[in-house]
Amino acid sequence: TEDPRAYLPVAGAFIGGSFGLYVYQILAGTVAQLIGYEAMQRMYRGQETSFSALLNFGAQNLLRFLGLGLFYAFVTLAVLTVPMLFLVAPAVYFGLQMGGTAAVALVIAGAFFAFGISMLAGAYVFIRLGLAAPAMAVESLSLRACLKRSSPPLKGAMGRALALFLAVLAVQLFTGMVLSAL
């Protein structure tokens, strides 16, 4: 049989490339989201919403926005990756040692279990930090202040926030499937 350690360099390169792309995606998405919040706030107040005014706002607050984006990237990466590392990696290793259909079953069971844990933890973190970006954009708070500001409005409303999160997620998944089928 093949030595399972032979796959480690390929897995490391894949994980490293995925990590870089993931961090870029989170950073770009956070900056775009915060500029969008500012645009909505300006429209609501009847202020100028030109593209140049919004780019100026983004440039003036870029470091704060990137700080929040890096925080989001770190937290979500930790929440989504840790269960995978501790559950799927050993399942793959032992599965390769066992061979056959037992290996496939072990890997699939580990992946589903890790995915479930990741989704529950991810939903909790997403809900707890969900108001940090609007607080940063609308109230012009620092990174630390917007993270502190994010939690109090959700006290006693975690169930409703989770239901809303799951409803939005279901709509996004359904819309994505419909659009990809076209």
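Source: prediction; values computed, not measured.

It is worth spelling out helix α5 (residues 132-139) at this point. Since there are 3.6 residues in each turn of an α-helix, residues three or four apart along the chain are aligned in direction. Turning to α5, its buried residues number three or more, namely A132, A133, A135, M136 and A137. Phi turns positive, to about 55 degrees, at S140, one or two residues after α5.

A volume near 1200 Å³ is recorded for the largest pocket. G122, A123, F126, I127 and F165 are the residues nearest the centre of the largest pocket, which is lined by 35 residues in total. Listing elements by their share of the lining of the largest pocket, those giving two or more residues are α1 (8-45), α3 (62-98), α4 (100-128) and α7 (158-181). With 10 residues, α7 is the single largest residue contributor to the lining of the largest pocket. By residue class, the composition of the lining of the largest pocket is 27 nonpolar, eight polar and no charged.

In this section: the environment of Y22. Tracing the backbone through its elements, the reader meets Y22 in helix α1. A sequence separation of 55 residues divides Y22 from L77, and the C-alpha atoms of the two residues are 8.7 Å apart. Those residues within four positions of Y22 in sequence are excluded, and the remaining contacts are A73, T76 and L77.

If charged atoms from side chains of opposite charge come close, those side chains can pair. All chains considered together, the criterion is met by two salt bridges. A salt bridge links E139 to R149; the shortest N-O distance between them is 3.2 Å. Of this pair, E139 sits in helix α5 while R149 sits in helix α6 (residues 143-150), and the two are 10 residues apart along the sequence. Take R149: its relative accessible area is 38%, and that puts it in the partly exposed class.

Bringing the packing of α3 against α5 into the picture now. Relative orientation of the contacting elements α3 and α5 amounts to 175 degrees, with a least axis distance of 11 Å. Classified by the angle between their axes, α3 and α5 sit roughly antiparallel to one another. Along its contact with α3, which presents R64, F65, L68 and Y72, the element α5 presents A132, A133 and M136. Residues of the contact of α3 with α5, tallied by class, amount to six nonpolar, no polar and one charged.

This part takes up the environment of Q33. Within the fold, Q33 resides in helix α1. Sequence-wise, Q33 and P134 are 101 residues apart; in three dimensions their C-alpha atoms are separated by 8.7 Å.

A separate point is the packing of aromatic side chains. Under the counting rule described, the total for this entry stands at one aromatic pair. When the ring of F57 is compared with that of F65, the centres are 5.6 Å apart and the planes differ by 55 degrees; the resulting orientation is tilted. The buried category is assigned to F65, whose relative accessible area is 0%.

Nonpolar side chains in soluble globular proteins generally cluster together in the buried interior. Counting 21 residues, the largest nonpolar core has L34, F65, L68 and C146 as its most contacted members. When contributions to this core are tallied by element, the ones reaching two or more residues are α1, α2 (51-60), α3, α5 and α6. In terms of nonpolar packing, the next biggest core, distinct from the first, is built from five residues, A123, I127, L154 and F165 among them.

Turning our eyes to something else, we now look at α3. Spanning 37 residues, α3 covers 51 Å between terminal C-alpha atoms, matching the ideal 54 Å at 1.5 Å per step. Along its length, α3 reaches its greatest deviation from straightness, about 35 degrees, at L85. Regarding α3, the residues found buried are F65, L68, G69, Y72, A73, V75, V79, P83, V88, A91 and G95.

Within the secondary structure layout, E38 lies in helix α1. You can call E38 buried: its relative accessible area is 7%. In terms of polar contacts, E38 uses its side chain to reach the side chain of R42, at 2.7 Å. Apart from residues no more than four positions distant in its own chain, E38 is found in contact with L54, F57 and A137.

What counts and what doesn't
- Residues numbered from 1 in each chain as written.
- Predicted model: local features only at pLDDT ≥ 70, side-chain atom pairs only at ≥ 80, totals over all residues.
- Heavy atoms only, no water.
- Buried < 20%, exposed > 50% of the residue type's maximum accessible area, 1.4 Å probe, protein only.
- Helix = DSSP H or I, 4+ residues; strand = E, 2+ residues; numbered from the N terminus.
- 1 Å grid on protein atoms, 1.4 Å probe; cavity = no way out; pocket = protein on both sides within 12 Å on 5 of 7 lines; lining within 4 Å.
- Points joined across faces, edges and corners; volume = space filled by probe spheres on them.
- Nonpolar A, V, L, I, M, F, W, Y, C, P; charged D, E, K, R; others polar.
- Contact = heavy atoms within 4.5 Å.
- Salt bridge = Lys/Arg side-chain N within 4 Å of Asp/Glu carboxyl O.
- Axes fitted to C-alpha atoms, helices over the stretch in contact; angles between N-to-C directions.
- Parallel < 35°, antiparallel > 145°, perpendicular 65-115°, else oblique.
- Phe/Tyr/Trp six-rings, centres within 6.5 Å; stacked < 30°, edge-to-face > 60°.
- Core = buried A, V, L, I, M, F, W, Y, C linked by side-chain atoms within 4.5 Å.
- Expected span 1.5 Å × (residues − 1).
- Bend = angle between axes of the 7 residues up to and from the residue.
- Polar contact = N/O pair within 3.5 Å; in protein donor to acceptor, adjacent residues only side chain to side chain.

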